Amino acid sequence: ADQFAAAAEQVTQAEQGMAVAQRSREDVDQRFERVREQRKLLFMACYSVVRDQIGPIYKKLTADTLGNGIEGGKACLDVEDFEDPFKAGVTFTVAPPGKGLNVVALLSGGEKTLAAMALLFALQAFQRPPFLLLDEIDAHLDHRNLQALASYM
């Protein structure tokens, strides 16, 4: 009888421990889900601003890079999965003046630099950093693109 009572006590303690662990797991799951939702909200708020700003900034930054009066290029950002934007990613597509749409990876060094700078400036529209340190951003820029960047800045 004593062994039975001891075993029953151990089962009761194990059940109580399991219930505590289950509640703790549920609490962690709920907190994790709140963090995931907050992360998604913050990302989408930033994405919305950057998406709206990237086109006009890139157009202004690349205006006249092919000569006076030549309109600037086009740029856009697209989230591949709005339900879970961290799963698939964001596509950054640009059309430099006089060229068709391309993903940034397929651009020349100078075109990539201007696209990256447009993205940086668009990100600043969402949250301005206290300062920027840009080292050798002119390395891949020809004279016209360098002038365009200097004029924009």
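See above for the structure.
Summary of the structure given here.

Criteria and thresholds
- Residues numbered from 1 in each chain as written.
- Predicted model: local features only at pLDDT ≥ 70, side-chain atom pairs only at ≥ 80, totals over all residues.
- Heavy atoms only, no water.
- Helix = DSSP H or I, 4+ residues; strand = E, 2+ residues; numbered from the N terminus.
- Expected span 1.5 Å × (residues − 1).
- Buried < 20%, exposed > 50% of the residue type's maximum accessible area, 1.4 Å probe, protein only.
- Contact = heavy atoms within 4.5 Å.
- Phe/Tyr/Trp six-rings, centres within 6.5 Å; stacked < 30°, edge-to-face > 60°.
- Patch = residues over 30% accessible without salt bridge, like charges linked within 9 Å, V, L, I, M, F, W, Y side chains within 5 Å.
- Areas by Shrake-Rupley, 256 points an atom, 1.4 Å probe, with all protein chains shown as cover.
- Salt bridge = Lys/Arg side-chain N within 4 Å of Asp/Glu carboxyl O.

A word on helix α3 (residues 109-126)
Because an α-helix packs 3.6 residues into every turn, residues spaced three or four apart end up facing the same way.
Item 1. With 18 residues, α3 extends 26 Å between its outermost C-alpha atoms, agreeing within 8% with the 26 Å of an ideal straight helix rising 1.5 Å per residue.
Item 2. Taken as a whole, α3 has its buried residues at G110, E111, T113, L114, A115, M117, A118, F121, A122 and Q124.
Item 3. On its buried side, α3 packs onto α1 (2-62), β2 (90-95) and α4 (143-152).

Observations concerning the packing of aromatic side chains
Item 1. Counted by the stated rule, this structure contains 4 aromatic pairs.
Item 2. Seen from their ring centres, F43 and Y47 are 6.3 Å apart, and the 10° between their planes marks the pair as stacked. Linking F43 with Y47, this pair stays in helix α1, spanning 4 residues, or about one helical turn.
Item 3. Of the residues examined, F43 reaches a relative accessible area of 23% and is grouped as partly exposed.

So, a nonpolar patch on the surface
Item 1. On the surface, L132, L134 and M153 cluster together to form a nonpolar patch covering roughly 260 Å² of accessible area.
Item 2. Within the element layout of this structure, L134 appears in the loop between α3 and α4.
Item 3. Owing to a relative accessible area of 31%, L134 belongs among the partly exposed residues under this scheme.

Notes on the pattern of salt bridges
Item 1. For the structure on display, the rule yields 6 salt bridges.
Item 2. One salt bridge in this structure joins D52 and R51, with 3.2 Å as the shortest N-O distance.
Item 3. Among the ionic pairs, E71 bridges to K59, the shortest N-O distance being 3.3 Å. Taken together, the residues span a long stretch of sequence, with E71 in the loop between α1 and β1 (74-79) and K59 in helix α1 at a distance of 12 residues.

With respect to the side chain of T113
Item 1. Residue position: T113 is located in helix α3.
Item 2. Contact partners of T113, with chain neighbours within four places excluded, come to I137, H140 and L141.

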